[in-house]
Amino acid sequence: MANNIFKSLFSDGDSDNQEEYYDEQTPVPQGDNKVVSMNSVRQRSSKIALYEPRLYADVKQIADQLLNDRAVIVNFSQMDAKVASRIVDFLNGTIFAINGDIKRIGKEIFLCTPKNFEVSGNLSDTLKNDPDKI
């Protein structure tokens, strides 16, 4: 019966030359049944990578994460200060190239974000007001 309704709506009057099309995977809606499958809609989730570099060579992995639109938290506590400074310089260049942002969120911890991330608030003010929260 539903097939006859579709034929009458989309027919040009010459029913002898028309081919019938049946999609066995998609049932014809009946009545007021308006169920939509949400499985076909997939959203890309944002990810934050965590790194604790020990060598200057680790900067490549960190930069690759940023180039793949992932935010990165970098903890330099396990690294020499001079090497950490060189990595921060490299990451500043990477951040500049992708229109991202880099923020210090701790004494030796930085948050690097690509352009599609927004960071709000000021952590350093919180730390100054109540240093025991950490």
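First things first, this report covers the structure right here in the doc. (Residues numbered from 1 in each chain as written. Predicted model: local features only at pLDDT ≥ 70, side-chain atom pairs only at ≥ 80, totals over all residues. Heavy atoms only, no water.)

## Some thoughts on the packing of aromatic side chains
Applicable threshold: Pairing of aromatic side chains here covers Phe, Tyr and the six-membered ring of Trp, requires ring centres within 6.5 Å, and sorts the geometry by plane angle: under 30 degrees stacked, over 60 edge-to-face, intermediate tilted. Counting from the N terminus, the helices are DSSP H or I runs at least four residues long and the strands are E runs at least two residues long. When the NZ atom of lysine or the CZ atom of arginine is within 6 Å of a ring's centre and also within 35 degrees of its normal, the charge is said to sit over that ring.
Per the counting criterion, the structure on display carries 1 aromatic pair. Here Phe76 and Phe110 contribute two aromatic rings whose centre-to-centre distance is 5.7 Å and whose plane-to-plane angle is 75°, an arrangement assigned as edge-to-face. Taken as a pair, Phe76 in the loop between strand 2 (71–75) and helix 3 (81–97) and Phe110 in strand 4 (residues 109–113) lie far apart in primary sequence, 34 residues in all. One residue, Arg86, lies across the ring of Tyr56, its end atom 4.1 Å from the ring centre.

## What about the nonpolar core?
Rules: Note on terminology: a nonpolar core comprises buried Ala, Val, Leu, Ile, Met, Phe, Trp, Tyr and Cys residues joined through side-chain atoms within 4.5 Å. Exposure is judged per residue with a 1.4 Å probe applied to protein chains only, and the accessible area is read against the type maximum: over 50% gives exposed, under 20% gives buried, and values in between give partly exposed. In what follows, residue pairs with any heavy atoms lying within 4.5 Å of each other are defined as contacts.
Leu66, Val72, Val74, Phe76, Ile87, Leu91 and Cys112 are the most contacted members of the largest nonpolar core, which has 16 residues in total. Mapped by element, the contributors of at least two residues to this core are helix 2 (59–67), strand 2, helix 3 and strand 4. Sorting elements by how many residues they give to this core places helix 3 first, with 5 residues. Other than its neighbours up to four places away in sequence, Ile87 contacts Pro53, Leu55, Tyr56, Val59, Phe76 and Met79.

## Focus: the pattern of salt bridges
Selection criterion: Salt bridges are defined by distance alone: a side-chain nitrogen of Lys or Arg within 4 Å of a carboxyl oxygen of Asp or Glu.
Per the counting criterion, the structure on display carries 3 salt bridges. One salt bridge in this structure joins Glu52 and Arg54, with 3.9 Å as the shortest N-O distance. For Glu52, a relative accessible area of 38% corresponds to the partly exposed category. With a relative accessible area of 51%, Arg54 lands in the exposed category. As a salt-bridge pair, Asp101 and Lys103 come within 3.7 Å of each other at their nearest N and O atoms. Owing to a relative accessible area of 32%, Lys103 belongs among the partly exposed residues under this scheme.

## Let's talk about the side chain of Thr94
By the secondary structure assignment, Thr94 is in helix 3. Judged by its relative accessible area of 11%, Thr94 falls in the buried class. Discounting chain neighbours no more than four positions away, the residues touching Thr94 are Ala63, Leu66 and Leu67.

## Focus: the pairing of strand 3 (residues 101–104)
How we decide: At least two DSSP bridges between two strands are required for those strands to pair.
Taken together, the 4 bridges between strand 3 and strand 4 define a ladder with antiparallel strand orientation. Paired with Asp101 across the strands is Thr113, a residue of strand 4. Connecting strand 3 to the next strand, strand 4, in antiparallel fashion are 4 residues.

## So, the environment of Val72
Following the sequence through the fold, Val72 ends up in strand 2. According to the relative accessible area criterion, Val72 is buried, its value standing at 0%. With residues near it in sequence (within four places) discarded, Val72 still touches Ala49, Tyr51, Ile62, Gln65, Leu66, Phe110, Leu111 and Cys112.

By themselves, these are just geometric observations and shouldn't be taken as functional.
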